Amino acid sequence: MKPTHASAFPCIRTVGLDGLLVSFADTMAEPSNRAALAFRNAIDTLRWDGVIETSASLASTYIRFDPLVLPHLEMRRQVGQVLHQQDWYQAALPAGRHLWQVPTVYGGDLAPQLDEAAAAAGLSPTEAIKRLSETRVRVLTIGFAPGQPYLGPLGPEFNIPRLKELTPMVPEGALVLAISQFVLFSGPTPTGWRHVGQTAFRCFRPEAEQSFALRPGDEMQFLSVTREELESVQSTNDGSGGATCEEIPA
């Protein structure tokens, strides 16, 4: 069954000598991210000889392959066959995903741009915290820094622009917001996104067997707690930041 979406998508493009990029849209939306995750999982499941690695971005699937094993024309043909098997925008998400519920302090001196973000969204700080803490967001992709997730989509009221000037530095575990997405920082970094929450969650754990705590397709919920509760978590933090984790039923 052929996908039914914008006429230019999905499309297959060559990336360098050994890559193909299957794009489902030119902007992130829930259906295009769903398609990218599901299509990547389908390619991984096929275990083709010659495929070296795959990854998924906000709206695309990348496939790296050995052209001496799978020539470009043959690789494109096989990918095209899989692409036309179903409507990937409505495909089921991969099995084995997890829901993480993470204690988070919103606002105050730990996350000083919450009030500004709430005003840009047309909400009171109290209402903004309520909506943000009640929303389950998907790990759309991992990128920019090791283990660092882009999360969304948030409600349309949070489709607010980035800052005009960079915040010089926010700490590891900072939850920042712009364009209807969160980013949960895996290390201290400058940012143009508004710092609305602070967690003790470590996305990147180089000492662990699985150094990236999250995988694309996982879901997260950032539950509002007091500063005292977060400090209690930090005193005994094993990297999880007090988060709970459970498998999402298929």
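Residues numbered from 1 in each chain as written. Predicted model: local features only at pLDDT ≥ 70, side-chain atom pairs only at ≥ 80, totals over all residues. Heavy atoms only, no water.

A. Layout of the packing of aromatic side chains. All chains considered together, the criterion is met by 7 aromatic pairs. Plain terms: the ring middles of phenylalanine 24 and phenylalanine 39 are 5.8 Å apart, the flat faces sit at 65° to each other, and that makes the pair edge-to-face. Of this pair, phenylalanine 24 sits in the loop between strand E2 (19-23) and helix H1 (30-46) while phenylalanine 39 sits in helix H1; the two residues are 15 residues apart in sequence, bridging distant segments of the chain. Under the relative-accessibility criterion, phenylalanine 24 is labelled buried at 0%. Arranged with centres 5.8 Å apart and planes meeting at 90°, the rings of phenylalanine 24 and tyrosine 89 form a pair that is edge-to-face. (Phe/Tyr/Trp six-rings, centres within 6.5 Å; stacked < 30°, edge-to-face > 60°. Helix = DSSP H or I, 4+ residues; strand = E, 2+ residues; numbered from the N terminus. Buried < 20%, exposed > 50% of the residue type's maximum accessible area, 1.4 Å probe, protein only.)

B. Broad picture of the packing of H1 against helix H2 (residues 72-83). Put simply, H1 and H2 touch, their axes get as near as 11 Å, and they point 120° apart. Classified by the angle their axes make, H1 and H2 are oblique. At the point where H1 passes H2, the crossing takes the right-handed sense. Across from Phe39, Ile43 and Leu46 in H1, the residues of H2 making contact are Val79, Val82 and Leu83. (Axes fitted to C-alpha atoms, helices over the stretch in contact; angles between N-to-C directions. Parallel < 35°, antiparallel > 145°, perpendicular 65-115°, else oblique. Left-handed = near helix turned anticlockwise from the far one by under 90°. Contact = heavy atoms within 4.5 Å.)

C. Local environment of the environment of proline 188. Checked against the element boundaries, proline 188 lands in the loop between strand E10 (181-184) and strand E11 (189-191). Owing to a relative accessible area of 61%, proline 188 belongs among the exposed residues under this scheme. Each C-alpha atom of the pair proline 188 and isoleucine 160 lies 23 Å from the other, and the pair is 28 residues apart in sequence. When neighbours within four sequence positions are excluded, proline 188 is seen to be in contact with Met169, Val170, Pro171 and Glu172.

D. Broad picture of the side chain of threonine 191. As for its placement among the helices and strands, threonine 191 is situated in strand E11. Within the local environment of threonine 191, its side chain forms a polar contact with the backbone nitrogen of tryptophan 193, the two atoms lying 2.9 Å apart. Leaving out residues up to four positions away in the same chain, threonine 191 has contacts with Leu166, Thr167, Val170, Val176 and Phe185. (Polar contact = N/O pair within 3.5 Å; in protein donor to acceptor, adjacent residues only side chain to side chain.)

E. Spotlight on the sheet that holds strand E3 (residues 51-56). On the basis of which strands lie adjacent, the open sheet formed by 4 strands has the order E1-E2-E4-E3 and antiparallel pairing. Unpaired on one side and paired on the other, strand E1 (11-15) and E3 mark the two borders of the sheet. Taken over all neighbouring pairs, the strand axes of this sheet differ in orientation by 20° on average, direction set aside. Lying on the sheet, H1 is in contact with E2, E3 and strand E4 (60-65); it crosses E3 at an angle near 165°. (Pairing = 2+ DSSP bridges.)

F. Up close: unusual backbone geometry. Cis peptide bonds are those with omega within 30 degrees of zero, and the linkage from phenylalanine 9 to proline 10 qualifies with -5°. Following the sequence through the fold, proline 10 ends up in the segment before E1. Residue proline 153 is reached from glycine 152 by a cis peptide bond, and omega for that bond is -5°. Looking at where proline 153 falls in the secondary structure, it is placed in the loop between strand E7 (149-152) and strand E8 (167-170).

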